[in-house]
Amino acid sequence: MPAASAIKTLVVDDQLTMRALIRSGLQQLGFTQIEEAVDGEDALRRLIQNPVHLVLSDFNMPKLDGLSLLRALRSHGPTRQVAFIMLTGRADNDLVQRAAQFGVNNYLVKPFTVTTLKGKIEQVFGALT
Amino acid sequence: MTGRAVEASRKVHVTQGEHHVSDDPAVVATTVLGSCVAACLHDPVAGLGGMNHFLLPDDGGRDDAGAIRYGAYAMEVLINSLLKKGASRQRLQAKVFGGARMFDGLSDVGATNAVFIRRFLDDEGIPLVSESLGGQAARRVEFWPASGRARVRATTTAPAGRPAPPALEPAGDVELF
């Protein structure tokens, strides 16, 4: 059972409001090591310099979208194993399937509650303490 | 447009939970709002825009974050549709309408919606160029996505939940450039 506070997390979303909401949800779950990136390119740059255990990424973003970010991470040795949870809209069923092909660990359909966020993270990491 | 036939406009009604994006000058997005909010976003360079129509869930303030999540998602869907059609996030401008207090004696969900949309636009750095929020009147909104022009008309001035008042004259159009 991993401690939430031990999981280093990167939140990737081009909307400040969404990043703030996810950060607040993670903090409620006991996460303390939370970084933010404003798009896939920013995320990639940060992850190469500063690896994390979990990436929570939006799909629709300028510069580099969530799927391209996932592909880039999976093809780069040091980031290949990072847990990746994609945030999607209701209409993105095709995306979920494509993300699965590229090794996404889980997905979250927006808008989601903190309980759902917890459940999705626990499906990847096991029960959080 | 003297000497030119007026182009037939194509009305697209946007109901709660929906959005519509277009760069067609003939399209006018329309909606009717009570407590709901409609955000009309426009990119003046790309000549395209879009309208959404949403209502934050009201649970008496027990889960404000939940309400914000819902609104943030509604806005994200509209913004992403605009970006997909070629709008630039940096050029987006907003006009927002709705958030009326429609029922006496209940929590003012309209005000919650109005606070949310102002805060959201401020946080996201999207300039709010005009607004018609609050009050006790339902609104009929027309928005031309290609030009960014909007027109709002009050459809009633009395809160619901009381005996219907005598029919009122339309409160007049307000042009919001």
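Everything discussed here concerns the structure shown above.
Numbering of residues begins from 1 in every chain and follows the order in which that chain's sequence is written. Written order determines the labels here, with chains lettered from A and ligands numbered from 1. Where local features are concerned, this predicted model is filtered to residues with pLDDT of at least 70; where side-chain atom pairs are given and counted, the filter is 80 or more; whole-chain, interface and lining totals use all residues. Side-chain measures here rest on the full set of heavy atoms in the structure, leaving out hydrogens and waters.

A. Helix α1 (residues 16–28) of chain A, seen in detail. Residue and element names in this part refer to chain A. The end-to-end C-alpha separation of α1 is 18 Å, in line with the 18 Å expected for 13 residues at 1.5 Å each. Burial classification: accessible surface area is computed with a 1.4 Å probe over protein chains only, and a residue below 20% of its type maximum counts as buried, one above 50% as exposed, and the rest as partly exposed. A run of DSSP states H or I qualifies as a helix once it reaches four residues; a run of E qualifies as a strand once it reaches two. Both are numbered from the N-terminal end. Taken together, the buried positions of α1 are occupied by T17, M18, R19, L21, I22, G25 and L26. Within two residues after α1, G30 carries a phi angle of roughly 100°, on the positive side. In this analysis, the expected span of each helix is defined as 1.5 Å times one less than the number of residues it contains.

B. Structural detail: the interface of chain A and chain B. Contacts were defined at the residue level, with two residues in contact if any of their heavy atoms lie within 4.5 Å. Listed by partner, the interface residues are 16 residues for chain A and 14 residues for chain B. A combined buried area of about 1400 Å² lies between chain A and chain B, and 54% of that area is made up of carbon and sulfur atoms. Its largest share of buried area at the contact with chain B, chain A owes to Q15, T17 and L21 of chain A, together 36% of the area lost on that side. Salt-bridge detection follows one rule: a side-chain nitrogen of Lys or Arg within 4 Å of a carboxyl oxygen of Asp or Glu. For the pair chain A and chain B, the interface holds two salt bridges. In short, buried area is how much 1.4 Å probe accessible area vanishes from two parts on joining, totalled over both.

C. Molecular detail of the pattern of salt bridges. Within the structure shown, the criterion is met by 16 salt bridges over all chains. Its salt-bridge partner being R101 of chain B, residue D108 of chain B comes within 3.3 Å of it at the nearest N-O pair. Judged by relative accessible area, D108 of chain B falls into the partly exposed class, the value being 26%. For R101 of chain B, a relative accessible area of 26% gives the class partly exposed. In this structure, R119 of chain B engages D123 of chain B in a salt bridge whose closest nitrogen and oxygen atoms are separated by 3.2 Å. With a gap of four residues between them, R119 of chain B and D123 of chain B both fall in helix α2 (residues 109–124), about one helical turn apart. For D123 of chain B, a relative accessible area of 26% puts it in the partly exposed group. Several salt bridges converge on common partners, so that one network encompasses D13, D58 and K110 of chain A together with E76 of chain B.

D. How the structure looks around helix α2 (residues 40–49) of chain A. All names here are of chain A. All of the buried residues in α2 are G40, D42, A43 and L47. The arc enclosing the buried residues of α2, seen along the axis, measures out at 155°, which places them on a common side. Of the exposed residues in α2, the ones pointing more than 90 degrees away from its buried face are I48 and Q49. Buried-residue contacts for α2 involve β1 (9–12), β2 (34–37), β3 (54–58) and α3 (66–74). Where α2 starts, the residue carrying a side-chain oxygen 3.0 Å from the main-chain nitrogen of E41 turns out to be D39. Comment: arc refers to directions from the helix axis out to C-beta atoms. Throughout this description, a polar contact denotes any pair of N or O atoms lying within 3.5 Å of each other; where both atoms belong to protein, one of them has to be capable of donating a hydrogen while the other can accept it, and for residues adjacent in sequence the pair is counted only when both atoms sit in side chains.

E. View of the packing of α2 of chain A against α3 of chain A. Residues and elements named next belong to chain A. Note on geometry: axes are lines fitted to C-alpha atoms, helical ones only across the stretch in contact, with angles between N-to-C directions running from 0 to 180 degrees. At their nearest, the axes of α2 and α3 sit 9 Å apart, and the two run at 25° to each other. Taken as axis vectors, α2 and α3 run roughly parallel relative to one another. The hand of the α2/α3 crossing is right-handed. In contact with G40, A43, L44 and L47 of α2, α3 contributes L69, A72 and L73. Note on residue categories: nonpolar means Ala, Val, Leu, Ile, Met, Phe, Trp, Tyr, Cys or Pro, charged means Asp, Glu, Lys or Arg, and polar means any other residue, Gly included. A per-class count over the contact of α2 with α3 returns six nonpolar, one polar and no charged. In these notes the angle categories are as follows: under 35 degrees is roughly parallel, over 145 is roughly antiparallel, 65 to 115 is roughly perpendicular, and the rest is oblique. Crossing handedness: left-handed means the near helix sits turned counterclockwise from the far one by under a right angle, and right-handed means the same turn made clockwise.

F. Spatial organisation of the pairing of strand β4 (residues 37–43) of chain B. All names here are of chain B. Of all seven residues making up β4, seven are buried, and the element is well covered by its neighbours. The two faces of β4 match: V37, A39, L41 and D43 on one face and A38, C40 and H42 on the other face are all buried. The rule for pairing is simple: two strands pair if DSSP sees at least two bridges between them. Relative to strand β6 (residues 93–98), β4 is paired through six bridges, and the arrangement is antiparallel. Considered in β6, the bridge of V37 is made with G98. Here β4 pairs with strand β5 (residues 48–52) via four bridges, running antiparallel. Across the sheet, residue H42 finds its bridge partner in β5, namely G49. Hairpin connection between β4 and β5: a loop of four residues separates the two successive antiparallel strands, and G47 in this loop has a positive phi of roughly 65°.

G. Expanded view of the sheet that holds strand β2 (residues 19–22) of chain B. Residue and element names in this part refer to chain B. Strand order in the open sheet formed by five strands is β2-β5-β4-β6-β7, and the pairing between neighbours is mixed. Where the open sheet ends on each side, the last strands, each with one partner, are β2 and β7 (128–133). Taken pair by pair, the neighbouring strands of this sheet meet at an average axis angle of 10°, ignoring direction. On the sheet, α2 packs against β4, β6 and β7 and is oriented at approximately 175° with respect to β7.

H. Spatial organisation of the environment of M61 of chain A. All names here are of chain A. Along the polypeptide, M61 turns up in the loop between β3 and α3. Counting along the chain gives 47 residues from M61 to D14, while the straight-line C-alpha distance between them is 5.9 Å. Residue contacts for M61: discarding those within four places in its chain leaves V12, D13, D14, V38, D39, G40 and G66.

I. Representation of the nonpolar core within the structure. Throughout this description, the term nonpolar core refers to a set of buried Ala, Val, Leu, Ile, Met, Phe, Trp, Tyr and Cys residues connected via side-chain atoms within 4.5 Å. In this structure, L26 and F31 of chain A together with L41, M75, I117 and L121 of chain B are the most contacted members of the largest nonpolar core, which totals 47 residues. Sorting the residues of this core by element identifies α1, β3, β4 (83–88) and α5 (114–125) of chain A together with β4, α1 (64–84), β6 and α2 of chain B as the ones contributing at least two each. Tallying contributions element by element places α1 of chain B first for this core, with eight residues. Discounting residues that sit within four places of it in the chain, M75 of chain B has contacts with A39, L41, N52, F54, F116, I117, F120 and L121 of chain B. Grouped together as the second largest cluster of nonpolar side chains are 19 residues, V12, L67, L69 and V104 of chain A included.

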